[in-house]
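Residue-level structural notes
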Amino acid sequence: MTALLVSNVGLLLVEMVAYFAAMLALFRARGTLGIGAFFCALGSLHFMETYLAASYYVALPLGVSLSPGSVVMFAGKLALLLLVYIREDALVARQPIYGLMLGNGILLVLVALLRTHYTTPAPGVPADLAFMDQVGVLMAWGTLLLFIDCVALILLYERLSRLFRGSLVLTIWAALALVLTFDQLAFFTVLNVSLGVPLSAGIGGWIGKLAAAAVYASMLAVYLTRFERRREGPSPSITDVFDTLTYRQKYEKLEIASRHDALTQALHRGQFDPLGRDLIAVAGTSGQPLSLLLVDVDGFKEVNDGHGHPVGDEVLRRLAGALREGLRRGDYVVRYGGDEFAIFTPGVNHRAAMQIAAMIRQRVEAAPLPPGIPSQSVSIGIATTPDDGTNLTDLLATADKRLYAAKGAGRDRTVGAFDT
C-alpha cells in the first residue's frame, strides 16, 4: 500500500511536467499558430479541471488526498497566465479569464433552459442535470476566484520581483504560493459545504499546490531565460484594470520622474508647497514634530563664473547626492532654488535636526568634486513645528530668517533656536 501511495506522488509529478511542458510548447508556437491556439487549449481543459476537483481524488502518504484537477491543472493554469502577463501584457492575459467567465455564464443559462425541455432518457442513461448543476456552480465560483487570483498574482509578482531581485524562481514561486493558498481556502470551503469533500483533501490539496508551484516556477524560469525574449512592439491602449496593471510600473516611473528635478534628482520646486502642507497636517494630527532645513551652497556662483555652468551642474549634482545620503528614507529633499534645497524631516525634533544639519555639512564638505574644484560648504537654517510655526508659511519664514543669519555670520554654519 505504501508503495502505491508513493507511486501516486511520482505520477502527479509526471502529470505536472507533461501538462506544463505541452502548454509551454504551445505558447512558444504562438508566433506560428497564434496565441488563440494556446488559449483554446487552456479553455478546453477548464471543464475537466473542475470535474476532477469535484469528484476525482488520489490518496497520498500521511493520510491526505488531493485532486489532480486542482493541483496539476489549476495551479498550472495560474502559472501559464502569469507567463502571458510577463511575455505579452495584461491586455492579453485578461482574454482567457473574461472568456471563461462569459462561457460559464452561458453554461448556467443553457442549463436553466434545458430544464424546461420534455426529455426522454437515452438507453441506460438517465436524463439528469443534477451533476451539471454542481459542476456549473463550481465552474462559476472557480472562474470568479480565477479573476481575483490573477489580479493578485500580477500585483504580487510586481512587488516580489523587487524584493527578490535576481531570483526569478523564488519570485514566481512565492507569488504562486500565496495566491494558491488563498484560492485553496476559498474553493475548498465551497467543495466541503456543497459536496462534503473531507478536510484531509483540503490539506492535501494545499500541500500539493505549494509543491506544484515549486515545479511550475522552476520550469517557467528555465523557459523564460532560455526560450523567450522580451516582447517588442506598440503598446495597447489602456481600457480596464488589467491594462492599468500592465502600465503600473511604467506609470510609477514616469510619475516619479515628473516630481523630481532632472539634474539633482531632488523633488522639484512645485512639490514644496503641497508636500509641506501635507506633512505639517500629519504632524499636527499625530503630535509629532516636523523640522524644515533650508540649505544653501556657499559661494556657488563663483564655481559657475570660474569654471562654467556644465562644471557647476556637475558640482551641484554631487552635492545634492551628498545631501540625500545623509538623510533617512522618510525624509524629503526639494530643490527650492538654483543652489538652495529644502529638507523636510518628519518626526525629528529641533535638537535632532541640528545634529542632522551637522552631518549634512560634513558630508557636503567631504563630497568628491570634479578636478580643480575646492571642497564646498553649506549654510543651514532650521525651523521646527510647533514652536517655530504651525503652518508652512510661518515655518518657511523662520527657517529662511535663520538661513539668512547663517550666511550673514560668515557661512558654513547652522542657525536654529541655538547656533552651531
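A brief structural summary. (Residues numbered from 1 in each chain as written. Predicted model: local features only at pLDDT ≥ 70, side-chain atom pairs only at ≥ 80, totals over all residues. Heavy atoms only, no water.)

**A short note on the overall build of the protein chain**
The secondary structure content of the protein chain amounts to 16 helices and seven strands. Among the 420 residues that make up the protein chain, the fraction classed as buried is 45%. Contacts spanning at least 24 positions in sequence make up 73% of the contacts within the protein chain whose residues lie at least 6 apart. Summing over all exposed atoms, the protein chain offers an accessible surface of approximately 21,300 Å²; the carbon and sulfur share of this is 62%. (Helix = DSSP H or I, 4+ residues; strand = E, 2+ residues; numbered from the N terminus. Buried < 20%, exposed > 50% of the residue type's maximum accessible area, 1.4 Å probe, protein only. Contact = heavy atoms within 4.5 Å. Areas by Shrake-Rupley, 256 points an atom, 1.4 Å probe, with all protein chains shown as cover.)

**Considering the side chain of Ser291**
Within the secondary structure layout, Ser291 lies in strand β3 (residues 290-297). A residue is classified by how much of its surface remains accessible, and Ser291, at 0% relative accessible area, is buried. Looking at Ser291, its side chain comes within polar contact range of the main-chain oxygen of Val348, at 2.8 Å. If we skip the residues at most four places from it in the chain, Ser291 touches Ile343, Phe344, Thr345, Val348, Asn349, His350, Ala353, Ala383 and Thr384. (Polar contact = N/O pair within 3.5 Å; in protein donor to acceptor, adjacent residues only side chain to side chain.)

**Considerations on unusual backbone geometry**
At the junction of Thr385 and Pro386, the peptide bond is cis and its omega measures out at -5 degrees in the coordinates. Within the chain, Arg411 stands out as a residue other than glycine whose phi angle is a positive 65 degrees. As for its placement among the helices and strands, Arg411 is situated in the loop between α16 (392-408) and β7 (414-415). Not every positive phi belongs to a glycine, and Asp412 is a case in point at roughly 50 degrees. With respect to the helices, strands and loops of the structure, Asp412 is situated in the loop between α16 and β7. Note on Asp412: relative accessible area 36%, which makes it partly exposed.

**Quick notes on empty space enclosed by the protein**
Taken as a whole and assessed by the stated rule, the structure comprises three cavities of 30 Å³ or more. Its boundaries defined by the atoms lining it, the largest cavity holds a volume of some 120 Å³. Contributing elements (two or more residues each) for the lining of the largest cavity: α4 (46-55), α5 (68-87), α7 (130-163) and α8 (168-195). Ranked by residue count, the leading element in the lining of the largest cavity is α7, at five residues. (1 Å grid on protein atoms, 1.4 Å probe; cavity = no way out; pocket = protein on both sides within 12 Å on 5 of 7 lines; lining within 4 Å. Points joined across faces, edges and corners; volume = space filled by probe spheres on them.)

**A short note on the environment of Ser377**
With respect to the helices, strands and loops of the structure, Ser377 is situated in the loop between α15 (350-366) and β6 (378-384). Linking Ser377 and Val364, residues 13 residues apart in sequence, is a C-alpha distance of 6.3 Å. Leaving out residues up to four positions away in the same chain, Ser377 has contacts with Asp296, Val297, Asp298, Val364 and Asp412. Engagement of the side chain of Ser377 in a polar contact is seen with the side chain of Asp298, the distance being 2.8 Å.

**Some points on the sheet that holds β3**
Pairing is mixed in the open sheet, where five strands are placed in the order β4-β5-β3-β6-β7. Looking along the sheet, the strands with just one partner apiece sit at the ends: β4 (332-335) and β7. Where β3 and β6 come together, seven bridges link them in antiparallel fashion. Looking at β6, one finds that Val297 is bridged to Val378. Seen against the sheet, α15 touches β3, β5 (340-346), β6 and β7 and runs at an angle of roughly 165 degrees to β6. (Pairing = 2+ DSSP bridges. Axes fitted to C-alpha atoms, helices over the stretch in contact; angles between N-to-C directions.)

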